[in-house]
Amino acid sequence: MAMQRTHALSFKILAECSTTKARASLMKLPHATVDTPVFMPVGTQGTLKGLVPDQLRELDCRIILGNTYHLGHRPGPELLEKAGGLHEFMQWDRALLTDSGGFQMVSLLKLAEITEEGVKFQSPHDSSEMMLTPEHSIHIQNKIGADIIMQLDDVVHSCVTGPRVEEAMYRTIRWLDRCMKAHGRPHDQNLFPIVQGGLYPELRKKCAEELTKRDVPGFAIGGLSGGESKDEFWKIVNISTDYLPKEKPRYLMGVGFAVDLVVCVALGCDMFDCVFPTRTARFGNALTPTGTLILHRPEFAEDFQPIEKGCPCSTCKNYTRAYLHGIVENEPVSCSLLTIHNVAYQLRLMRAMHQSIVEDAFPEFIQDFFDKLYPSADYPQWAIDALASVNVHLKKS
Amino acid sequence: MRFSLRSVSHCGCRVGTLSCTRAVNDGENKEVETPLCTLYTKKVDMLKRIEKLPPIVNMHLSSLADYTEALNKFQHGVGQFTALQDFLVYISVHDTGIEIPSGYNTKAGTAVWNKAGKKLIEPQQFVKCQEAFRPTFYQALSDSDTDKNSGKKRAMKAVDRTLDFLDTILELHKKSERLRDVGVFGSVEGGFHEEARMRSARETAARNVDGFVIEGFYAQNEKNKQIDVEEIKDLCNKVFKILPEEKPRLMHAVWSPDQVVMALELGIDVFDSCYPWLVTERGGALVFSFQYHNNSENEREARSTDGFEISLKDKSMFEDFGAPVPGCSCYTCQNFTRSYIHHLLNTSELLAPVLLMIHNFHHYFEFFESLRSSLKTDQFLKLKTLILEQRPSQEPPK
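Cut-offs applied
- Residues numbered from 1 in each chain as written.
- Chains lettered and ligands numbered in written order.
- Predicted model: local features only at pLDDT ≥ 70, side-chain atom pairs only at ≥ 80, totals over all residues.
- Heavy atoms only, no water.
- Core = buried A, V, L, I, M, F, W, Y, C linked by side-chain atoms within 4.5 Å.
- Buried < 20%, exposed > 50% of the residue type's maximum accessible area, 1.4 Å probe, protein only.
- Helix = DSSP H or I, 4+ residues; strand = E, 2+ residues; numbered from the N terminus.
- Domains from an automatic or database assignment.
- Contact = heavy atoms within 4.5 Å.
- Pairing = 2+ DSSP bridges.
- Axes fitted to C-alpha atoms, helices over the stretch in contact; angles between N-to-C directions.
- Buried area = accessible area lost by both parts, 1.4 Å probe.
- Salt bridge = Lys/Arg side-chain N within 4 Å of Asp/Glu carboxyl O.
- Polar contact = N/O pair within 3.5 Å; in protein donor to acceptor, adjacent residues only side chain to side chain.

(A) Focus on the nonpolar core. Core analysis: the largest hydrophobic core is formed by 225 residues, its most contacted members being Phe370 of chain A together with Leu61 of chain B. Considering every element that reaches this core, the biggest residue donor is helix H13 (residues 351-376) of chain B, with 14 residues. Mapping this core onto the domain boundaries places at least three of its residues in each of domain 1 (2-272) and domain 2 (284-389) of chain B. Those residues within four positions of leucine 61 of chain B in sequence are excluded, and the remaining contacts are Ile91, Ser92, Val93, Val112, Ile121, Phe126, Cys129, Phe133 and Leu141 of chain B. Core analysis: the second largest hydrophobic core is formed by 21 residues, Ala32, Ala95, Phe192 and Ala220 of chain A among them.

This is how it looks when you write it as structure tokens:
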């Protein structure tokens, strides 16, 4: 049995929804206290696309993500260690989460090969062969210094079938043990394992059970949000949360769009990350409760409303859709105006969910959310099914 | 709009006050000290993190022309539209910080350029645009497509066209209710041909304009091309003898600090600030000193930089955890390290120009503050010496 360790995280459930599996909780990390459910914006290379940390604080963002693959390459772990860690380097004094680097490696590098030892790949600089092992990933993440770090997992694309999936699932467990052993800072960094198993319920169950045996501060659900159908997606999320302990946070990686967030909160997930809101901002798109505004479209040229009436972000307080329409395609720095709004939108959505769960009015929140987004009640079938599985039946008003 | 010349120093520098009525909304009167530089805006939300912003923002017809319709419907003017309603708005014809292809102006109008391409603006359309923009003052449409190599005929053409446009514009401006309190600046053209220049100066001075834009020396078809005041000194002196001294003189250029101090002696009142933006674009941070009180022998030796800026792209910055410019009180230097900005430049992150812009504008605006205070206390020559001492030995990288 794994040794009991004191974790660098405390998770307190404030309220549980009496209808769905949703929870509203308080997660205390070394650098910040985070209300969950939480959405974590992605600041890939140690910066959130043109925003200074102050602007994130103004939005009351408590935790953001950094990518180990990118940071491990530039500026590199040694420089980050010398700088006093990523917090110090980028002047972000709240919480950070880093991923293991494995996913990007597999998705970005053509010649990645996975062996028991680790992920073998060709260095993008000089084509020499390199190896990312569980130990190596943890050491880099120890130097970056995030509050939450991820195990290196053997991640397979969600559409892969056959014995490879099972192999990856068992290897992920073995790699977790290696990560835990290599972890040099359990007192101030929380190492999360990642539940794998593809789209096979039995494998997901087995994986969750195994990971639960380890003494870890929280759990991530990985290998989803790839090319799988939404139908399969929600079922696997549901099984995963069924077999994970209640009293620890569940982080659903790579999710996502507003609808996905609402449904997966109902299915019992607490933490989310996705590049979507910041990426779509760079394409000139603004997220609102009634849908996405594609601002370069001519219909916005003389639209003098803010992106979202009532949104407290600095973009909505100062600028109109017409103005943003004018600059989105011309000034790259204008994207940061949209990034601020989209991040504000995501954070406000999570805050509203947290509050409604605390008030035990989450089903009403869900109905209202779907009504705004789908005024003709053409709700996506998968969302109807997923919510029905946790006792919420979307009504056509 | 009124200008009162307070003093002219023995070296030729003018100190004055521009009094502008904000045409939109409050009709409030604002007084602005000259010499000053206008604010070159890159449409970011980070302006509030720069202290001591100039009170006048310089927008460009070239980028605004496409929004005439929308601004007409908006009705409240371009200042409010861009969330810059606290500023006085000056609209020039071109954007000094970009390259403009040569040879596209005609007798009927002037070609302006933006990312979408070329737009030929005629005087009537020009006035309609200004009515929609509702600035504090604007530069009348002009033909400035001349340079050192232009022939006399071309130079004269530029002068004549510009006067022609000016007359049409003034006529329409007079009749326009919306442009009632808005100022008009006439442009003095003429390339490097004395006869053309003199004609332009005389004729423009004879019109009822609120100030003068001196241009037509550099056709702007080479980005980053720095002005050389030495080259234009003689012609400018002759022009200024003709222009009324109680009207302000504005000049657009890539104003590096050494050129600024020389242009002040020439008698220029208003400059633009695209120079710090261009420094930002190339990953540079302005470091030049304008502390004329402290220019001792020791200080001179301590200055290790060659030139007015350092490059944050330089490999030596990789592990340098000092402030971009030690001792600088700006938001960027107070919070971030050279190493971090170097990393942002290296990874082409959007935050790099944002942080560098904050520093470079802060530095440049403080420089102008020190220019004004040196003139008030008769220490200008000390400042001029200090600035000229710091000239780079070679051109900065493009």
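(B) Structural context of the sheet that holds strand E4 (residues 38-41) of chain A. Residues and elements named next belong to chain A. With parallel pairing, five strands are arranged side by side in an open sheet as E4-E15-E14-E13-E12. The open sheet has two edge strands with one neighbour each: E4 and strand E12 (194-195). Inspection of the sheet shows E12 paired to strand E13 (residues 219-221) by two bridges, in the parallel sense. Within E13, the position partnered with valine 195 by the bridge is isoleucine 221. Relative to the sheet, helix H14 (residues 335-358) contacts E4 and strand E15 (271-274), its axis offset from that of E4 by approximately 160°.

(C) Representation of the interface of chain A and chain B within the structure. With 37 residues of chain A at the interface, the matching set in chain B holds 32 residues. With both sides pooled, the region where chain A packs onto chain B buries about 3,400 Å², and carbon together with sulfur makes up 59% of that total. Our count for the chain A to chain B interface comes out at five salt bridges. Ionic pairing is found between lysine 49 of chain A and glutamate 349 of chain B, a salt bridge with its closest N-O pair at 2.9 Å. Applying the counting rule to chain A against chain B returns ten residue pairs in polar contact (both at pLDDT 80 or more).

Interpretation in functional terms is not warranted from these geometric data alone.
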